[in-house]
Amino acid sequence: FFKGNRIPTVVLSALGMIIAVFGLWNTPYGHAGLDIFFISLIGFFVYGPQVIVGLAAAEFVDKRAASAANGFSGTLGYFGAASGCYLVGEAIDIWGWEGFFISLLVCSALVFILLVPLWSAKEPGYQHSSEGKADSKKIPVSRKPASQNT
């Protein structure tokens with residue numbers, strides 16, 4: 001659908017996250033079905049970019065280093081998830097639930113605003129034909145050790 005471009009998926013996920021967080025924030029008390037719906041949407045819109053990070057980490061390195069790159073990005077993600085729980089709890093203690101929802105909306109909006117200009121950016125490392133389709137051949141890159149490049 002997006003011809004291999006990852007940015008539109010992340011942009012649409014950020015927009016969906018904004019809508020879902022705003023919906024959860026404004027759900028009236030006692031509507032458990034709406035709470036479940038919006039929490040499920042938040043999980044859905046978080047999962048897409050999370051998977052894209054793992055795929056990108058594996059694709060941007062040599063095939064011999066793909067598992068190491070994926071493990072490294074996964075470790076950083078788990079570290080962020082573990083520390084994020086503490087930070088979110090502290091933010092709620094300081095600013096209350098209003099501050100929590102506002103911070104989620106601001107972060108989602110920042111992702112959206114920063115990535116919209118990249119919507120139609122071509123992926124680096126690929127040659128593009130005149131029709132705009134990426135060729136399967138990568139642009140040749142020197143594999144010489146750094147000491148031989150001088």
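These lines cover the structure that appears in this document, whether it is placed above or below.

### Looking at the nonpolar core
Consideration 1: Grouped together as the largest cluster of nonpolar side chains are eleven residues: Met17, Ala20, Val21, Leu24, Phe38, Ile42, Phe45, Ile92, Phe100, Phe101 and Leu105.
Consideration 2: Broken down by secondary-structure element, the contributors of at least two residues to this core are α1 (7–25), α2 (32–59) and α3 (66–115).
Consideration 3: When neighbours within four sequence positions are excluded, alanine 20 is seen to be in contact with Phe38, Leu41 and Ile42.
Consideration 4: Val10, Val11, Ile52 and Leu115 belong to the second largest nonpolar core, which has five residues in total.

### With respect to the packing of α1 against α3
Consideration 1: At a minimum axis distance of 9 Å, the contact between α1 and α3 shows a crossing angle of 160°. Between α1 and α3, the interaxial angle falls into the category roughly antiparallel. At the point where α1 passes α3, the crossing takes the left-handed sense. For the pair formed by α1 and α3, the contact residues are Ile7, Val10, Val11, Ala14, Leu15, Met17, Ile18, Val21, Phe22, Leu24 and Trp25 on the first element and Glu98, Phe101, Ile102, Leu104, Leu105, Ser108, Ala109, Val111, Phe112 and Leu115 on the second.

### So, α3
Consideration 1: Compared with an ideal rise of 1.5 Å per residue, which puts 50 residues at 74 Å, α3 spans 25 Å between its outermost C-alpha atoms and falls more than 12% short.
Consideration 2: Along its length, α3 reaches its greatest deviation from straightness, about 125°, at tryptophan 95.
Consideration 3: All of the buried residues in α3 are Ala66, Ala69, Ser73, Ala91, Ile92, Gly99, Phe100, Phe101, Leu105, Ser108 and Leu115.

### Let's talk about a nonpolar patch on the surface
Consideration 1: Where nonpolar side chains cluster on the molecular surface, the patch consists of Leu12, Leu15, Ile19 and Trp119 and spans about 350 Å² of accessible area.
Consideration 2: Structurally, isoleucine 19 can be placed in helix α1.

### Structural notes on the pattern of salt bridges
Side-chain pairs of opposite charge can arise whenever the charged atoms involved come near each other.
Consideration 1: In the structure shown here, the tally under the stated rule is one salt bridge.
Consideration 2: Note that aspartate 62 is salt-bridged to arginine 64, the shortest N-O span being 2.6 Å.
Consideration 3: Take aspartate 62: its relative accessible area is 30%, and that puts it in the partly exposed class.
Consideration 4: Overall, the relative accessible area of 74% leaves arginine 64 in the exposed class.

### Comments concerning the environment of serine 13
Consideration 1: Structurally, serine 13 can be placed in helix α1.
Consideration 2: Separated by 29 residues in sequence, serine 13 and isoleucine 42 have C-alpha atoms that sit 9.2 Å apart.
Consideration 3: Dropping the residues within four chain positions of it, serine 13 is found in contact with Phe45 and Pro49.

What counts and how
- Numbering of residues begins from 1 in every chain and follows the order in which that chain's sequence is written.
- With the structure being a predicted model, the display of local features is reserved for residues of pLDDT at least 70 and the display and counting of side-chain atom pairs for 80 or more, all residues being used for whole-chain, interface and lining totals.
- Side-chain metrics in this entry use all non-hydrogen atoms of the structure; hydrogen atoms and water are not considered.
- Throughout, nonpolar core names a set of buried Ala, Val, Leu, Ile, Met, Phe, Trp, Tyr and Cys residues whose side chains join them through atoms within 4.5 Å.
- Three exposure classes are used, based on accessible area relative to the maximum for each residue type with a 1.4 Å probe and protein chains only: buried under 20%, partly exposed in between, and exposed over 50%.
- Helix and strand assignments follow DSSP, with helices taken as H or I runs no shorter than four residues and strands as E runs no shorter than two, numbered in order from the N terminus.
- The contact rule is simple, with two residues in contact once any of their heavy atoms fall within 4.5 Å.
- The convention used is that axes are lines fitted to C-alpha atoms, helices contributing only their stretch in contact, and that angles between N-to-C directions extend from 0 to 180 degrees.
- Should an angle fall under 35 degrees it is taken as roughly parallel, and over 145 as roughly antiparallel, whereas 65 to 115 is taken as roughly perpendicular and any remaining angle as oblique.
- Handedness of each helix crossing follows the sense of rotation of the near helix against the far helix: counterclockwise by less than a right angle gives left-handed, clockwise gives right-handed.
- One fewer than the residue count of a helix, multiplied by 1.5 Å, yields its expected span.
- At every residue, the bend is computed as the angle between two fitted axes, covering the seven residues ending there and the seven beginning there respectively.
- Patch definition: residues with relative accessible area over 30% and no salt bridge; like charges joined within 9 Å; nonpolar side chains (Val, Leu, Ile, Met, Phe, Trp, Tyr) joined within 5 Å.
- Each accessible area value is a Shrake-Rupley result obtained with a 1.4 Å probe; residue values ignore everything except the protein chains displayed when judging cover.
- Each salt bridge in this description consists of a side-chain nitrogen of Lys or Arg and a carboxyl oxygen of Asp or Glu lying within 4 Å of one another.

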